[in-house]
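Observations on chain architecture
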Amino acid sequence: MIHQADYLVIGSGIAGLFFALKASESGSVIVLTKKDRAESNTNYAQGGISAVLAPDDSFDEHVRDTLIAGAGLCKRDIVEITVHNAPDVIKELTEFGTRFTKKKGKLDLGREGGHSHHRIVHAHDLTGKEIERALLTALSKKKNVRLLEHSMVVELITEHHFAVRKGTQKKRTPKNPTCYGAYAFNNQTHDVEMFVASTTMLASGGCGQIYAHTTNPQIATGDGIAMAYRAGAVIANMEFIQFHPTTLYHPKAQSFLISEAVRGFGGILRNSSGERFMERYDERLELAPRDVVARSIDSELKKRGDDCVYLDLTHLPAENVREHFPNIYKTCLDFSIDITKDLIPVVPAAHYCCGGVQTDNNGATSITNLYACGEVSCTGLHGANRLASNSLLEGVVFAKRAIKHITLHPKKSIPTDIVKKIKPWDDTETYNNEEWVLLQHDRKELQNVMWDYVGIVRSKLRLQRALRRVNLLQKEVEEFFKRTRVTEETLELRNMITVAWLVIKSAQLRKESRGLHYMSDYPLPNDSSIKDTLL
Ligand code: FAD
Ligand code: SIN
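The structure reproduced in this document is the subject of the present report.

Once that is clear, we can look at the site of ligand 1. Around ligand 1 sit 38 residues, and of these T42, G48, V153, E375 and S391 come closest. A distance of 2.9 Å is found between a nitrogen atom of ligand 1 and a side-chain nitrogen or oxygen belonging to D223. Here an oxygen atom of ligand 1 and a backbone polar atom of L392 are 2.9 Å apart. Starting from 1000 Å² of accessible surface for ligand 1 in isolation, the protein chains cover 98%. Secondary-structure elements contributing two or more residues to the shell around ligand 1 are α1 (14–23), β9 (151–157), β16 (344–353) and α10 (391–408). Here the shell around ligand 1 takes three residues from β9, the largest share from any one element. Among the residues making up the shell around ligand 1, the classes are represented as 13 nonpolar, 20 polar and five charged.

What follows deals with the site of ligand 2. The local shell around ligand 2 consists of Q46, G47, E112, H244, L257, S259, E260, R290, H351, R386, A388 and S389. Within the contact set of ligand 2, an oxygen atom lies 2.7 Å away from a side-chain nitrogen or oxygen of S259. Between ligand 2 and R290, the relevant distance is 3.0 Å, taken from an oxygen atom to a side-chain nitrogen or oxygen of the residue. Here ligand 2, which alone exposes 260 Å², has 93% of that area covered by the protein.

Turning to helix α9 (residues 326–334), a few remarks are in order. Each turn of an α-helix holds 3.6 residues, which means side chains three or four residues apart point in the same direction. Among all positions in α9, only I328, Y329, T331 and C332 are buried. The inward-facing, buried residues of α9 abut β13 (241–248), α6 (260–264), α8 (318–324) and β16. Downstream of α9 by one or two residues, S336 has phi in the positive range, about 65 degrees.

The rules behind the values
Residues numbered from 1 in each chain as written. Chains lettered and ligands numbered in written order. Predicted model: local features only at pLDDT ≥ 70, side-chain atom pairs only at ≥ 80, totals over all residues. Heavy atoms only, no water. Near = heavy atom within 4 Å. Polar contact = N/O pair within 3.5 Å; in protein donor to acceptor, adjacent residues only side chain to side chain. Areas by Shrake-Rupley, 256 points an atom, 1.4 Å probe, with all protein chains shown as cover. Helix = DSSP H or I, 4+ residues; strand = E, 2+ residues; numbered from the N terminus. Nonpolar A, V, L, I, M, F, W, Y, C, P; charged D, E, K, R; others polar. Buried < 20%, exposed > 50% of the residue type's maximum accessible area, 1.4 Å probe, protein only. Contact = heavy atoms within 4.5 Å.

As structure tokens, this is what we get:
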């Protein structure tokens, strides 16, 4: 079955939804999303969106804070574009119906690590859920938008998928491919369908699931990065995986996030002896950038042989804590932890991918007609470490820039003769395999390898070990993929392995420590390495 539209959007998080809303003003839109429409990293975002709105704050200071966190690798022009657009982003999200928390009629501004001012706009501690609700409601009113749930994109369509003419020896795949849309697996019919569009926007989010412990939901398997890499796109800076310092340590909590806004509100980190250990690591204490706090916790745990550290809010007025963090309060209470009276046991977990599909300052990738925005992309904003609450912001800023760029340079619809050339998905000689237990096992093995060898602290030896194991998994899963009919599980595992490989390879290429990438063999930064890692 062939579906056609002017715009094909892959993903229904903040980036995909914002792009779809804007794109619907100039053409027909299909949004594909692999689970329920709201299921995304966006839906779990807690802290908020950074924007200079306080009278004593300035764009220069937001730019400076972003550059400091990014440890020399941010692209200054991209940082400036993003920071200067932030107040408008808040205005537009509000116009689309987002209800941000206000105090005395004004937006309540929180503070997070690495920020020199209060500038985090939020909806209590459920900011992402509120944004998803508002954007999905706004999108449901658009007549020329089709949002298809449980449609998992399998591959981007490029010349590589053109049928070979009889008598031609081999397929000609150009050096600079063009994207014509995507193949997607329909989880209801179990068929792979073809979606053709003159512009494809990749907004498929991050890859936290490649790690055993992550704040990211199940959808975050790095599909977009893997598919773009297979299609020939340039992938940048994958070594910079951000670990959030504070997720709830509890056997049943599955790395539930304790927002950085809690530390911004006055939360103190203590070790098992009750000591405020951050005093020994950084003068900015609990509000140092995330890489510093996560590494300090890691070092404290290893030195003391402890399983977790503790976040202490017991000195703060209980009523204020409950009012500001209703979701965190309730969730912890479900695990018998009253955060107004008890210390919260916390550990770091994989949280955010600073690298991704490289784009220019309009969201265009190295593949013609393929754009990317949100966590899947690498615009140059975050450099070697993302400043808290700059991610939701980036998704909207680059969705807006992309649609502006596309409408200024309108694309023709894909000609019928090209559509005819695209081969339907070929699943002949594949069969239903019942050995799902093997896939489950491989997924867990990959997550453990990445956690143990490619985590907060890395070394040459650990990376070599990880690569050997991931290469083996890749071989096994590729063979399995070729033999069996498409399923979500196989597709995800295949993508996760590719993304893990990209992270390890990038980490091996960076022979220094910078931002989130800490190598015990090269503990210091080396300024001759101030460049992007490209694969
Ligand atoms: P997502 O919101 O992850 O959306 C990706 C979409 O793509 C999903 O709909 C998914 O189903 C779909 N998809 C993926 N693969 C496929 C496929 N193969 N086929 C079809 N669809 C696919 N950032 C901040 O700035 N502030 C915060 O306070 C904050 N808090 C966070 C808290 C948590 C717990 C987490 C996990 C992240 C947080 N972040 C925060 C980061 C931020 O939420 C994400 O970076 C951002 O939401 C990414 O948005 P996105 O639209 O790019 O991707
Ligand atoms: C948080 O609330 O701590 C997450 C903020 C972010 O990831 O930007």
